[in-house]
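Below are the chains, spelled out letter by letter.
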Amino acid sequence: MAIKLILSDIDATILPAGEKRVSERTVAAFHASLDAGIAIGPCSGRSFAQIPPFFGGDTACCATAIATNGLQAYADGRKVMERTLTAPVVERLRDVVDGVPGAGLICFDGTTPLLMTGERGDLAAARDALAKTFPAYAECCVPTSEIPSFPVIKANVFTGGTVEDANALQRLVEGVVPEVSLDRAYPCYFNVMTRGWNKGEAVRWLCRHLGVGLNEVVVFGDGANDLSMLRVVEHSVAVANAVPEVTETARWHTGACADDAVAAAVEELAAGEWPFTA
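Definitions and limits used
- Residues numbered from 1 in each chain as written.
- Predicted model: local features only at pLDDT ≥ 70, side-chain atom pairs only at ≥ 80, totals over all residues.
- Heavy atoms only, no water.
- Helix = DSSP H or I, 4+ residues; strand = E, 2+ residues; numbered from the N terminus.
- Rg over C-alpha atoms; globule rule 2.2 N^0.38 Å.
- Buried < 20%, exposed > 50% of the residue type's maximum accessible area, 1.4 Å probe, protein only.
- Areas by Shrake-Rupley, 256 points an atom, 1.4 Å probe, with all protein chains shown as cover.
- Axes fitted to C-alpha atoms, helices over the stretch in contact; angles between N-to-C directions.
- Left-handed = near helix turned anticlockwise from the far one by under 90°.
- Contact = heavy atoms within 4.5 Å.
- Nonpolar A, V, L, I, M, F, W, Y, C, P; charged D, E, K, R; others polar.
- Polar contact = N/O pair within 3.5 Å; in protein donor to acceptor, adjacent residues only side chain to side chain.
- Expected span 1.5 Å × (residues − 1).
- Arc of directions from axis to C-beta.
- Pairing = 2+ DSSP bridges.

Engineer: Looking at this structure, I do not really get the overall build of the protein chain. What am I missing?
Structural biologist: On a plain count of helices and strands, the protein chain comes out with 9 helices and 14 strands. In terms of overall size, the protein chain behaves like a compact globule, its C-alpha atoms giving a radius of gyration of 18 Å where 278 residues would be expected to give roughly 19 Å. By its C-alpha atoms, the protein chain is 55 × 30 × 30 Å across when sized along the principal axes. Per-residue burial over the protein chain gives 51% buried out of 278 residues. Total accessible area computed for the protein chain in this model is approximately 11300 Å², and 51% of it derives from carbon and sulfur atoms.

Engineer: Explain the packing of helix α2 (residues 87-98) against helix α5 (residues 163-176) to me, please; I cannot follow it from the model alone.
Structural biologist: When two helices pack together, their arrangement is given by the angle between the helix axes and by the axis-to-axis distance. Packing of α2 against α5 brings their axes to within 10 Å, and their N-to-C directions diverge by 145°. α5 is crossed by α2, and the crossing has right-handed handedness. Across the interface between the two elements, Arg92, Leu93, Val96 and Val97 of α2 pack against Leu172, Val173 and Val176 of α5. Across the contact of α2 with α5, the residue classes break down as 6 nonpolar, no polar and 1 charged.

Engineer: Would you mind going over the side chain of asparagine 69 with me for this structure?
Structural biologist: You can see asparagine 69 is positioned in the loop between β3 (65-67) and β4 (72-75). Classification of asparagine 69 as buried rests on a relative accessible area of 0%. Of note is the side chain of asparagine 69, whose polar atom sits 2.7 Å from the side chain of asparagine 225. Look past the residues within four positions of asparagine 69 in its chain and what remains in contact with it is Ser44, Gly45, Asp183, Asn191, Met193, Asn198, Lys199 and Asn225.

Engineer: Before we go on, may I ask you to explain helix α6 (residues 199-210) in this structure?
Structural biologist: Each turn of an α-helix holds 3.6 residues, which means side chains three or four residues apart point in the same direction. For α6, with 12 residues, the first-to-last C-alpha span of 16 Å sits near the 16 Å given by 1.5 Å per residue. Listed as buried for α6 are Lys199, Gly200, Ala202, Val203, Leu206 and Cys207. Buried residues of α6 fall within an arc of 155° about the axis and therefore sit on the same side. The secondary structure elements touched by the buried residues of α6 are β1 (5-8), β3, β4, β5 (78-82), β12 (217-221) and α7 (227-232). N-cap assignment for α6: the residue whose side-chain oxygen lies 3.0 Å from the backbone N of glycine 200 is asparagine 198. Where α6 ends, the next residue or the one after it, glycine 211, has phi of about 75°, a positive value.

Engineer: Would you take a moment to explain the sheet that holds β4 for this structure?
Structural biologist: Strand pairing in a sheet is mediated by backbone hydrogen bonds. Such pairs are either parallel or antiparallel. Strand order in this open sheet of 3 strands is β3-β4-β5, and the pairing throughout is antiparallel. Strands with a single pairing partner mark the edges of an open sheet, and in this sheet they are β3 and β5. For this sheet the average axis-to-axis angle between neighbouring strands, irrespective of direction, equals 25°. With 3 bridges joining them, β3 and β4 adopt antiparallel strand pairing. The residue of β4 that forms the bridge with isoleucine 66 is alanine 73.

Worth remembering: the numbers are spatial, not functional.
Now the structure itself:
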């Protein structure tokens, strides 16, 4: 079975909760794939600037990458695609969210989260379940009333309320700001996407750019924002710790993130073997 491209989510797929770097085995497996002539890299909700440190600064591991939940694509270490949010869209998004109690909006200036509207406490509540995996955005965010002068790539909408509050917030935002859609990263925390775009569309785009068929790709994921990429390729893989919908959606299944299951699978793929049976 000819595989030409491997893409993996990072958090809870190859990066266990609480860890700041992927394992040495994972880095070695990525290099084995490259040595075998199979392009490999992350497909992450993280901005590209955040990714290299997870591989110990080894940029070969992310020379091919989809970042910011699909809003950026890289090939051979070069940015080949980027979709951004304009200042007027960000301003309308802020104004809508500002009118919802407990809700907020953050935009990123590089790796620095800017708190455009909302309260730190609600941001902390929205991300509490992620504390072992993600940096404490509530602690490091910079409150600002200024709309960024630069095109925004990474932005998130959140609520410190219930899942029902989050559902209502999503309906409101998508109804009032038609240029965007909200991709649910976690129950009360959304990635802000340009309308119609997600990891899955970015995988399609990158495959066309690289001349790779969707049946020649293996993707690994665990979370709700991985569903779109799992649905567009023939060989989608869920790790054992994936959320139920990901497990149900994926064609193939492997072990847990904490057990380096993706690294083990990549090693076999690099050796010309097929590691999946169910």
